[in-house]
Amino acid sequence: MKLGVVGMPNVGKSTLFNAITNAGAQAANYPFCTIEPNTGMVAVPDHRLDVLAEMYHPEKYTPAVLEFVDIAGLVKGASRGEGLGNKFLSHIREVDAIVHVVRCFEDDNVIHVDGSVDPARDIDTINTELALADIETVQKRVDKAASMLKKGEKKYALEAEAGQIILEQLNQGKPARTAKLTEDQLSVVKDWFLITMKKVIYAANIGEDDLGKDESQLPLVQKVREIAREEGSEVLVISAKVEEEIAQLDPEEKKMFLEDMGIGQSGLDRLVQLGYHLLGLISYLTAGPKEVRAWTIEEGTKAPQAAGKIHTDFERGFIRAEIVPYEDLVREGSMNACKEKGLIRSEGKDYVMKDGDVTLFRFNV
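Within each chain, residues carry numbers counting from 1 in the order of the written sequence. Only residues with pLDDT of 70 or above have their local features reported here, since the model is predicted, and side-chain atom pairs are shown and tallied only from 80 upward, although totals for entire chains, interfaces and linings are computed over all residues. Based on all heavy atoms of the structure, the side-chain values leave hydrogens and waters out of the count.

Novice: Hey, could you run me through the nonpolar core in this one?
Specialist: Within soluble globular proteins, side chains that are nonpolar tend to cluster in buried spots. The definition of a nonpolar core used throughout is a set of buried Ala, Val, Leu, Ile, Met, Phe, Trp, Tyr and Cys residues joined through side-chain atoms within 4.5 Å. Relative accessibility under 20% of the residue-type maximum defines a buried residue, over 50% an exposed one, and the middle range a partly exposed one, all with a 1.4 Å probe and only protein chains included. Counting residues in each nonpolar core, the largest one holds 65 residues, and the members touching the most others are Leu66, Phe68, Ile92, Cys104 and Tyr202. Pairs of residues are marked as contacts when any of their non-hydrogen atoms sit within 4.5 Å. Excluding its chain neighbours within four sequence positions, the residues that come into contact with Cys104 are Pro119, Ala204, Asn205, Ile206, Leu220, Val221 and Val224. Within the second largest apolar cluster, 15 residues are counted, among which are Ala131, Leu181, Val188 and Trp192.

Novice: Would you mind going over the packing of helix H8 (residues 240-247) against helix H9 (residues 251-261) with me for this structure?
Specialist: Only the contacting stretch of a helix is used when fitting its axis, a line to C-alpha atoms as for every element, and angles between N-to-C directions run 0 to 180 degrees. Under the scheme used here, helices are H or I runs from DSSP no shorter than 4 residues and strands are E runs no shorter than 2 residues, and both carry numbers assigned from the N terminus. Relative to each other, H8 and H9 sit at 150°, their axes nearing to 10 Å. Taken together, H8 and H9 sit at an angle that is classed as roughly antiparallel. Contacts between H8 and H9 involve Val242, Glu245 and Ile246 from the first element and Lys254, Phe257, Leu258 and Met261 from the second. Taken together, the residues of the contact of H8 with H9 break down into 5 nonpolar, no polar and 2 charged. Here roughly perpendicular refers to angles of 65 to 115 degrees, roughly parallel to angles under 35, roughly antiparallel to angles over 145, and oblique to all remaining angles. By the convention adopted, Pro, Cys, Tyr, Trp, Phe, Met, Ile, Leu, Val and Ala count as nonpolar, Lys, Arg, Asp and Glu as charged, and the other residues, Gly among them, as polar.

Novice: I would appreciate a short explanation of the pattern of salt bridges in the present structure.
Specialist: Opposite charge on two side chains permits pairing when their charged atoms draw close. Salt bridges are counted wherever a side-chain nitrogen of Lys or Arg sits within 4 Å of a carboxyl oxygen of Asp or Glu. All told, the structure shown has 22 salt bridges when counted by the stated rule. Arg331 serves as the salt-bridge partner of Glu332, at 3.2 Å between the closest nitrogen and oxygen. With relative accessibility at 53%, the residue Arg331 sits in the exposed group.

Novice: Would you take a moment to explain unusual backbone geometry for this structure?
Specialist: Keep in mind that most residues, glycine aside, have a negative phi and that most peptide bonds are trans. At His57, a position not held by glycine, the phi torsion is positive, near 45°. Inspection of the secondary structure assignment puts His57 in the loop between helix H2 (47-56) and strand E3 (60-62). Taking the relative accessible area as the measure of exposure, His57 reaches 61% and is therefore exposed. Here the phi dihedral of Phe193 falls at roughly 55°; this positive angle occurs in a residue that is not glycine.

Novice: Would you take a moment to explain the sheet that holds strand E7 (residues 234-238) for this structure?
Specialist: Pairing between the strands of a sheet comes from backbone hydrogen bonds, and it takes one of two forms, parallel or antiparallel. One requirement defines pairing of two strands: DSSP has to find at least two bridges between them. Spatially, 6 strands are ordered E2-E4-E1-E5-E6-E7 in an open sheet, and the strand pairing comes out mixed. The strands lining the two open edges of the sheet, one partner per strand, are strand E2 (38-43) and E7. On average, each strand axis in the sheet is inclined to that of its neighbour by 25°, with strand direction left out of account. Pairing of E2 with strand E4 (residues 65-70), which is carried by 6 bridges, proceeds in the antiparallel orientation. When the bridges of E4 are listed, Val42 appears paired with Leu66. The strands touched by helix H4 (residues 119-150) within the sheet are strand E5 (97-103) and strand E6 (199-205), with E5 carrying the most contacts at an inclination of about 145°. Against the sheet, helix H7 (residues 219-231) touches E5, E6 and E7, its axis set at about 160° to E7.

Novice: It is not clear to me how empty space enclosed by the protein should be interpreted in this structure. Could you clarify?
Specialist: One simple way to see leftover space: roll a probe sized like a water molecule over the atoms. A cavity, in this analysis, means grid points on a 1 Å lattice covering only the protein atoms where a 1.4 Å probe fits yet has no way out; a pocket is instead an open set bounded by protein on both sides within 12 Å along at least five of seven lines, and a residue lines either one if it has an atom within 4 Å of a point. Grid points are joined across faces, edges and corners, and a volume is the space filled by probe spheres set on the points. Here the structure, examined in full by the defined rule, presents 1 cavity of 30 Å³ or more. The calculated volume of the largest cavity comes to roughly 70 Å³. Lining the largest cavity, in full, are Val6, Ile98, His100, Ile126, Asn127, Leu130, Pro175, Arg177, Ile195, Thr196, Val200 and Tyr202. Of all the elements, H4 adds the most residues to the lining of the largest cavity, at 3 residues. The residue makeup of the lining of the largest cavity, split by class, is 8 nonpolar, 3 polar and 1 charged.

Novice: Before we go on, may I ask you to explain the environment of Phe314 in this structure?
Specialist: Inspection of the secondary structure assignment puts Phe314 in helix H12 (residues 312-316). For Phe314, the contacting residues outside a window of four places in its chain are Ala307, Phe361 and Phe363.

Novice: Can you help me understand a negative patch on the surface in this one?
Specialist: Residues enter a patch when their relative accessible area is above 30% and they make no salt bridge; the linking distance is 9 Å between like charges and 5 Å between nonpolar side chains (Val, Leu, Ile, Met, Phe, Trp, Tyr). Accessibility throughout is a Shrake-Rupley quantity obtained with a 1.4 Å probe, and a residue counts as covered only by protein chains that appear here. Note that His is not counted, nor are the chain ends; the positive residues are Lys and Arg, and the negative ones are Asp and Glu. Here the site of a charge means NZ on Lys, CZ on Arg, CG on Asp, or CD on Glu. Residues Asp250, Glu252, Glu253, Glu259 and Asp260 make up a contiguous surface patch of negative charge. Position of Glu259 relative to the elements: it lies in helix H9. Among the residues examined, Glu259 registers a relative accessible area of 54% and is labelled exposed.

Novice: So what exactly am I meant to see when it comes to the side chain of Arg103 here?
Specialist: Note on placement: Arg103 falls in strand E5. Pairing of N or O atoms within 3.5 Å defines a polar contact, subject to two protein rules: one partner must be a possible hydrogen donor and the other a possible acceptor, and residues neighboring in sequence count only if both atoms are side-chain atoms. Within polar-contact distance, the side chain of Arg103 engages the backbone oxygen of Phe105 at 3.1 Å.

Novice: What exactly am I supposed to notice about the confidence of the model for the protein here?
Specialist: Segments scoring low in pLDDT should not have their predicted coordinates read at a detailed level. Counting all residues, the mean pLDDT for the protein is 86, and 89% of those residues have values of 70 or more. Counting interchain partners and residues more than four positions distant, the pLDDT-below-50 stretch residues 27-35 has 29 contacts. Scored from 0 to 100, pLDDT reflects the predictor's confidence in each residue.

Novice: Would you mind going over the packing of aromatic side chains with me for this structure?
Specialist: The description of an aromatic ring pair rests on the distance of the ring centres and on the angle between the ring planes. Aromatic pairs are defined between Phe, Tyr and Trp rings, using the six-membered ring for Trp, whenever the two ring centres lie within 6.5 Å; interplanar angles under 30 degrees are classed as stacked, those over 60 as edge-to-face, and all others as tilted. Counted under the stated rule, the structure contains 4 aromatic pairs. Each ring is checked for a lysine NZ or an arginine CZ that lies within 6 Å of its centre and within 35 degrees of its normal; such an atom marks a charge sitting over the ring. Positioned above the aromatic ring of Trp295, the side-chain terminus of Arg293 is 3.9 Å from the ring centre.

Novice: Just to check I follow, could you spell out the packing of H4 against H7 for this structure?
Specialist: Two quantities define a packed helix pair, namely the angle between the helix axes and the distance between the axes. Axis separation between H4 and H7 bottoms out at 9 Å; the angle between their running directions is 40°. When the axis of H4 is compared with that of H7, the two are oblique. In this structure, H4 uses Pro119, Ala120, Ile123 and Asn127 to contact H7, whose residues at the interface are Leu220, Lys223, Val224, Ile227 and Glu231. Its residues placed into classes, the contact of H4 with H7 shows 6 nonpolar, 1 polar and 2 charged.

Following this line, the structure appears as structure tokens:
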């Protein structure tokens, strides 16, 4: 999963990126300090792997991996090349979902490019620029479809219909993801790589002093929630500065810090959960003395395609999947004990994988 981190300059975007990836993107108090998109890989926290590692003491421990791309602060006019413009809009097209960092803190020492803190205005600025970039893309597609239809190429009718529906939304300042499209129309626009078709997590970046407060005391966060509710997006309330502090701690200190702050989970843990939920992702597990590993797949993936994540030969020569639910394996303590109790299932090509399936694939090429 690849998440693009976007936002206005000086909203805490690179600070948050640094905290969750430790990739060291420069965080400075002026716009456009991020000149190239910084990329950071981060392990997906999964306590199940820790438990399996205790059981098997494997040679390798391999969690699922998330990729974060920190994209330069966008300003009004970015779609026309203002600030760092189109160069960075192209980077957003390559991600699976967007983490839109919104400033919800007051701090006289951190300048705001528009002179004041207003999350609704900032969200509108970013969404407008992304919509303008998409309008250009969609208009080209619609024009091409119209031209081909005139030549009698009827297969372009679907593109023309879908494009018009999306253009209507974009011209009203609404993202393409809110357009009412049929399954067929959706499949046609999938390879248009529209930015506003991507799902969004709004990261409401609050001050350290606001952490733990009830949201009724945080009017700026409430504004963000209202906007997210209207468009079906997710909201993560987070303090980038606190996350930066947490990132410096060892696991035991981190646990104590989170308990003292009354947070329970770090922002990274919550961001991963939201990302998985938003994109419809699950993990199946493989476990043994050689390696304990999590594999990320889409919900609804069948066993042969899940096997193909490990190696294409596994999918090509798929015979069956031997599966035991994680909970059963941990309760019984070993695969042998599960076998004796008849808890290991043999599943065929039509089996739909479930989150936490501990799996051994049988194949023959």
